[in-house]
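The chain contents come next:
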Amino acid sequence: MTSKPRNPIVIDRFYEVLDKNVAAQLTPEQKEEIEDAIVSITLASRHRIDFRKSFPFFGKRLYMVFLLGRDLRARSRPESKLSRIVVTFLILFATLFLLCCVLLTLYMIKSALGIDVFQNFHVGIWDWWLSLKYQ
């Protein structure tokens, strides 16, 4: 008998809900097939990254779950237009923020090296940064 990865929490919950008389009548082969089906439905063992954490928060217990892996479902979930618009704006905002950070970093490196691209024109960020040191 080969040992397959199991998610005992999900399987234990299944047997808690299942009628005790029915569970007693199952053969070991039937139990193994049922457990395989439960694991494949929950996709519990197929995530490359499976981060689950719970923590106290103002007298209550909250949890955070981050799962990353391939989507193996036959059909994808339908998305609303609002969710697509929100995701588009979030990606756009993140891209613009990253671009601004890269440009600012390049500008600071250029200024630190004393490179003057345009004569007699300065944005003033480098001078402001140096003035913070003397305040």
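In what follows, the structure referred to is the one given above.
Residues numbered from 1 in each chain as written. Predicted model: local features only at pLDDT ≥ 70, side-chain atom pairs only at ≥ 80, totals over all residues. Heavy atoms only, no water.

Novice: Whenever I open this one, the overall build of the protein chain confuses me. Can you help?
Specialist: Counting secondary structure elements, the protein chain contains 5 helices and 2 strands. Listed by position from the N terminus, the elements making up the protein chain come as α-α-α-β-β-α-α. The proportion of buried residues among the 135 residues of the protein chain is 12%. For the protein chain, long-range pairs separated by at least 24 residues make up 27% of all intrachain contacts whose partners lie at least 6 apart in sequence. For the protein chain, the exposed area adds up to about 12,500 Å²; of that, 65% sits on carbon and sulfur atoms. (Helix = DSSP H or I, 4+ residues; strand = E, 2+ residues; numbered from the N terminus. Buried < 20%, exposed > 50% of the residue type's maximum accessible area, 1.4 Å probe, protein only. Contact = heavy atoms within 4.5 Å. Areas by Shrake-Rupley, 256 points an atom, 1.4 Å probe, with all protein chains shown as cover.)

Novice: Looking at this structure, how should I read helix H4 (residues 81-112)?
Specialist: Owing to its 3.6 residues per turn, the α-helix aligns residues three or four sequence positions apart on the same side. In a regular helix each residue adds 1.5 Å, so 32 residues correspond to 46 Å; H4 covers 46 Å between its end C-alpha atoms and thus fits that length. Turning to H4, the residues buried within the fold contact helix H5 (125-133). One or two positions beyond H4, positive phi appears at Gly 114, with a value near 80°. (Expected span 1.5 Å × (residues − 1).)

Novice: How do you make sense of the environment of Tyr 107 when you look at a structure like this?
Specialist: Here Tyr 107 lies in helix H4. A relative accessible area of 17% places Tyr 107 in the buried class. On a C-alpha basis, the gap between Tyr 107 and Ile 125 in space is 8.7 Å, while along the polypeptide they are 18 residues apart. Those residues within four positions of Tyr 107 in sequence are excluded, and the remaining contacts are Val 123, Gly 124, Ile 125 and Trp 126.

Novice: What is the right way to look at the state of the cysteines in this model?
Specialist: Note: disulfide means a covalent bond formed between the sulfur atoms of two cysteine side chains. Under the definition given, this model contains 0 disulfides. Cys 101 takes part in no disulfide bond, and the closest cysteine sulfur, belonging to Cys 100, lies 7.1 Å away. Residue classification places Cys 101 among the partly exposed residues on the basis of a relative accessible area of 35%. (Disulfide = S-S within 2.5 Å.)

Everything listed is a geometric property; what it means functionally is a separate question.
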